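# Coordinate inspection notes
Listed here are the chains, written in short residue letters.
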Amino acid sequence: VSPRSEFSPQTLSVLAALSDRPSDWHHGYEVARETALKSGTLYPILIRLADRGLLEAEWQDEPVPGRPRRHLYRLTAPGLAAAEAARAGALAQPGRPRERTGPKGSLRPAAGNS
Amino acid sequence: VSARGRIAAHAGRAILRLLPARRRDWVEALWAESAALPPGRERVRWQAGSVRLAAREVMGSWRTPGRLAFTVAAALAAVGCWPGSAANVVTATVWFNVVAVVAILGAMGWLARHVFGPARAGWLPRAVRAAFYAAILVMLPTVAIARRYDYDVVDAHPSLHRYIAAGTTYPGPPFILIEGVVLFILVGCALAVLWLTSERSQVSGRALALAVGFGLMLGACGYLSGPLGPGNTTGSPGNTAGGAVNPWLPGSWTSVVTIADWVLLFAGPALLGPIAGFCCGRRRERLPLVNWRFVQCLCVGLLGSIVAALTATVAASATIAVALEFPAAASYLDHGANLTGTAAYLWGLNAGGSEGAFPLIWFCVPVVGFVVSVVVGAVTFGRELGFGGESPPVSGLPIDH
């Protein structure tokens with residue numbers, strides 16, 4: 001079984017957006033604007049990242065009056081490492097076609113990481 | 001908040017309830033985020049994403065589509081059973097039957113998850129479960145049609161009371177007792193099917209496939225020997241004993257099919273059970289080898305006979321219902337001849353009355369399959385199981401593949 005070699009381009013863009021200011025919390029809309037992803041594509045990616053422990057999420061403590069609380073996201077330490085590794089891998093193999101490792105938008109665990 | 005807003009909020013909450021708990025937060029988060037977007041097309045698009053996300057998460061979980069499909073199918077079955085005059089005694093029984101059967105099936109599903117564990121991986125175990133549920137739900141309206149027809153005929157012609165009472169569907173006091181027995185059999189069959197298709201039973205995929213194949217073959221023979229019900233005597237003037245009849249087949253072929261029925265009923269579990277025990281690949285080592293072989297043998301006999309009983313009775317009850325609901329079909333169903341008014345009337349009466357024999361099939365066929373497979377399994381693997389007084393010599397030996 002070959003290990004995961006790359007994330008999908010959409011997931012890479014999300015990881016890149018979140019790893020720009022890794023200590024900051026990000027809103028979904030903000031990530032969507034930076035990645036140009038639609039909400040129906042972005043949130044499944046965020047869910048899979050959170051399921052794998054690469055992303056932490058929490059509800060806003062102090063909501064703006066008149067608006068519902070927002071959900072905030074940032075990468076965990078393993079998430080940051082995965083983003084760095086993915087970015088390094090993408091730079092090292094620029095001509096290599098992306099290898100599908102699962103359904104669209106999914107992130108299969110790397111070998112030995114399950 | 002406007003009425004439309006309140007309705008949308010209720011609908012949204014209802015959809016959220018369908019989601020697994022760990023996913024609700026995400027859909028709520030997506031929706032809450034939309035408040036930060038400028039009003040207009042962009043916000044609507046964002047909110048549409050929450051609908052897509054909810055649908056994706058709902059469909060991504062097997063249980064929820066299964067529950068939805070069951071709810072829809074149960075509702076359709078109820079709609080098929082519900083019409084009926086309040087003056088018709090059968091109507092109340094039919095309604096009771098729908099509620100009881102749907103409640104039992106729902107409870108069995110819940111019980112199976114907590115006692116037997118999840119369904120075995122693969123499409124076949126899930127397909128067997130889904131087909132079992134579908135077959136029961138199909139039988140609700142088809143049997144109701146036959147019962148209602150009989151009562152309506154009796155009500156219109158009081159002189160037929162004695163005739164119908166001699167049959168099987170007169171709605172007298174024993175009717176509730178019969179319903180109780182039928183529900184008891186249903187619970188037994190549901191438990192058997194849910195256990196044999198569960199992860200915990202350790203039934204191999206090949207044994208399951210063998211059981212289903214055998215069951216379908218026996219069920220098809222059963223249906224061919226009596227497509228209008230086992231007790232129907234029309235189409236065969238010489239047959240007054242209530243034996244198997246197929247109005248489409250010449251007598252000689254009917255005899256062949258009937259013989260095949262009996263042979264398959266007994267020889268199927270007797271031959272295929274040991275084959276499953278010896279040949280089907282072993283999945284785990286939680287059970288001793290011989291016990292595991294015995295379970296495969298039991299699966300073929302019990303599950304195969306349940307599949308057979310279901311196949312024959314569902315197909316026959318559907319045929320009867322079609323014939324009663326569409327009188328024009330009766331002439332085609334009975335030798336393709338144009339029946340006289342009286343003949344068609346008696347034909348319908350007989351066909352309607354035949355459904356009373358279905359509970360008997362439901363009970364007898366699985367019991368025969370169970371008994372034969374237990375006896376054959378004990379004879380074949382008895383010594384290793386310790387029935388012969390000797391210690392099991394092969395437990396723990398390397399597995400077969």
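None of the values given here were measured: they were computed from a predicted structure. (Residues numbered from 1 in each chain as written. Chains lettered and ligands numbered in written order. Predicted model: local features only at pLDDT ≥ 70, side-chain atom pairs only at ≥ 80, totals over all residues. Heavy atoms only, no water.)

## Let's talk about the overall build of chain A
A count of helical and extended segments in chain A gives four helices and three strands. The order of α-helices and β-strands along chain A, N terminus first, is α-β-α-α-β-β-α. By residue count, 40% of the 114 residues in chain A fall in the buried class. Across chain A, the fraction of contacts at a sequence separation of at least 24, relative to all contacts at a separation of at least 6, is 64%. Of the roughly 6200 Å² that chain A leaves accessible, carbon and sulfur atoms contribute 52%. (Helix = DSSP H or I, 4+ residues; strand = E, 2+ residues; numbered from the N terminus. Buried < 20%, exposed > 50% of the residue type's maximum accessible area, 1.4 Å probe, protein only. Contact = heavy atoms within 4.5 Å. Areas by Shrake-Rupley, 256 points an atom, 1.4 Å probe, with all protein chains shown as cover.)

## Topic: the packing of helix H1 (residues 9–20) of chain A against helix H3 (residues 39–51) of chain A
Angle between the axes and distance between the axes are the two parameters that describe a pair of packed helices. All names here are of chain A. Between H1 and H3, the shortest axis-to-axis distance is 10 Å and the interhelical angle comes to 75°. Put simply, H1 runs roughly perpendicular to H3. Along its contact with H1, which presents Gln10, Thr11, Val14, Leu15 and Leu18, the element H3 presents Thr41, Leu42, Ile45, Leu46 and Leu49. Looking at the contact of H1 with H3 residue by residue, the class counts come to seven nonpolar, three polar and no charged. (Axes fitted to C-alpha atoms, helices over the stretch in contact; angles between N-to-C directions. Parallel < 35°, antiparallel > 145°, perpendicular 65-115°, else oblique. Nonpolar A, V, L, I, M, F, W, Y, C, P; charged D, E, K, R; others polar.)

## Quick notes on the interface of chain B and chain A
The accessible area lost on association of the parts is a frequent measure of interface size. Counting residues at the interface gives 21 residues for chain B and 24 residues for chain A. When chain B packs against chain A, close to 1900 Å² is buried across both sides, 61% of that on carbon and sulfur atoms. The largest contributions to the chain B side of the interface with chain A come from Trp26, Glu33 and Trp46 of chain B, which together make up 34% of the buried area. Summed over the shared surface of chain B and chain A, the result is two salt bridges. For the pair chain B and chain A, the number of links is six residue pairs in polar contact (both at pLDDT 80 or more). Of all the elements in the fold, those that place two or more residues in the side of chain B that touches chain A are helix H2 (21–33) and helix H3 (41–60) of chain B. Of all the elements, H3 of chain B adds the most residues to the side of chain B that touches chain A, at nine residues. When grouped by side-chain class, the residues that make up the side of chain B that touches chain A number 10 nonpolar, two polar and nine charged. (Buried area = accessible area lost by both parts, 1.4 Å probe. Salt bridge = Lys/Arg side-chain N within 4 Å of Asp/Glu carboxyl O. Polar contact = N/O pair within 3.5 Å; in protein donor to acceptor, adjacent residues only side chain to side chain.)

## Focus: unusual backbone geometry
All names here are of chain A. Of note in the backbone geometry, Ala36 takes a positive phi value of approximately 60° without being a glycine. Mapping Ala36 onto the fold places it in the loop between helix H2 (28–35) and H3. Look at Ala36 and you get exposed, because its relative accessible area is 70%.

## Structural notes on a positive patch on the surface
Together, Lys38 of chain A together with Arg41, Arg45 and Arg52 of chain B make up a positively charged patch on the protein surface. Within the secondary structure layout, Arg41 of chain B lies in helix H3. (Patch = residues over 30% accessible without salt bridge, like charges linked within 9 Å, V, L, I, M, F, W, Y side chains within 5 Å. Lys, Arg positive; Asp, Glu negative; His and termini not counted. Charge placed at Lys NZ, Arg CZ, Asp CG, Glu CD.)

## Section: the packing of H3 of chain A against H2 of chain B
Contact pair H3 of chain A / H2 of chain B: the axes reach a minimum separation of 11 Å and the direction vectors enclose 140°. As the angle between them shows, H3 of chain A and H2 of chain B are arranged oblique. As H3 of chain A packs across H2 of chain B, the resulting crossing turns out to be right-handed. Of H2 of chain B, the residues touching H3 of chain A (which contributes Ser39, Tyr43, Leu46, Ile47, Arg48, Ala50 and Asp51 of chain A) are Arg23, Trp26, Ala29, Leu30 and Glu33 of chain B. Along the lines of polarity and charge, the residues of the contact of H3 of chain A with H2 of chain B split into seven nonpolar, one polar and four charged. (Left-handed = near helix turned anticlockwise from the far one by under 90°.)

## Notes on H3 of chain A
Residue and element names in this part refer to chain A. Between the first and last C-alpha of H3 there are 18 Å, a value that for 13 residues agrees with the 18 Å anticipated at 1.5 Å per step. Turning to H3, its buried residues are Ser39, Gly40, Leu42, Tyr43, Pro44, Ile45, Leu46, Ile47, Arg48 and Leu49. Note on H3: the residue one or two positions beyond its end, Gly53, has a positive phi of about 80°. (Expected span 1.5 Å × (residues − 1).)

## Describing the sheet that holds strand S2 (residues 55–59) of chain A
Pairing within the open sheet is antiparallel, and its three strands lie in the order S1-S3-S2 (chain A). Here the strands that pair on one side only, and so sit at the sheet edges, are strand S1 (26–27) and S2 of chain A. Relative to strand S3 (residues 71–75) of chain A, S2 of chain A runs antiparallel, the two being bridged by five bridges. Note that in S3 of chain A the partner of Leu55 of chain A across the bridge is Leu75 of chain A. Of the strands in this sheet, S1, S2 and S3 of chain A are in contact with H2 of chain B, which crosses S2 of chain A at around 65°. (Pairing = 2+ DSSP bridges.)

## Some thoughts on the confidence of the model for chain A
All names here are of chain A. Predicted confidence across chain A gives a mean pLDDT of 77, with 73% of residues reaching 70 or more. Within chain A, helix H4 (residues 77–92) has the poorest average pLDDT of any element, 84, and S3 the best, 94. Note on residues 96–114: pLDDT under 50 across the span, and 34 contacts to partners over four residues away in sequence or across chains. (pLDDT = per-residue confidence, 0-100.)

## As for the packing of aromatic side chains
For any pair of aromatic rings, geometry is given as the distance between the ring centres together with the angle between the planes. All told, the structure shown has seven aromatic pairs over all chains when counted by the stated rule. Judged by centre distance (5.5 Å) and plane angle (75°), the rings of Phe70 of chain B and Tyr133 of chain B are edge-to-face. In this pair, Phe70 of chain B is assigned in helix H4 (residues 63–81) and Tyr133 of chain B in helix H6 (residues 123–156), connecting sequence segments 63 residues apart. With respect to burial, Phe70 of chain B and Tyr133 of chain B carry one shared label: buried. Through a chain of ring-to-ring contacts, the aromatic side chains of Tyr29, Tyr43 and Tyr73 of chain A together with Trp26 and Trp46 of chain B assemble into a single cluster. One cation-aromatic arrangement involves Arg33 of chain A over Tyr29 of chain A; the distance from NZ or CZ to the ring centre is 4.9 Å. (Phe/Tyr/Trp six-rings, centres within 6.5 Å; stacked < 30°, edge-to-face > 60°. Lys NZ or Arg CZ within 6 Å of the ring centre and 35° of its normal.)

## A few points about the nonpolar core
One finds Leu105, Phe132, Ile136, Leu186, Leu303 and Trp362 of chain B to be the most contacted residues of the largest nonpolar core, which totals 60 residues. Sorting the residues of this core by element identifies H4, helix H5 (89–115), H6, helix H8 (174–196), helix H9 (205–225), helix H11 (289–325) and helix H14 (358–385) of chain B as the ones contributing at least two each. Apart from residues lying up to four places away in sequence, Leu186 of chain B is in contact with Val101, Ile104, Leu105, Phe132, Ile136 and Trp362 of chain B. Judged by nonpolar contacts, the second largest core, of 34 residues, contains Leu42 of chain A together with Ala29, Ala32 and Leu53 of chain B. (Core = buried A, V, L, I, M, F, W, Y, C linked by side-chain atoms within 4.5 Å.)

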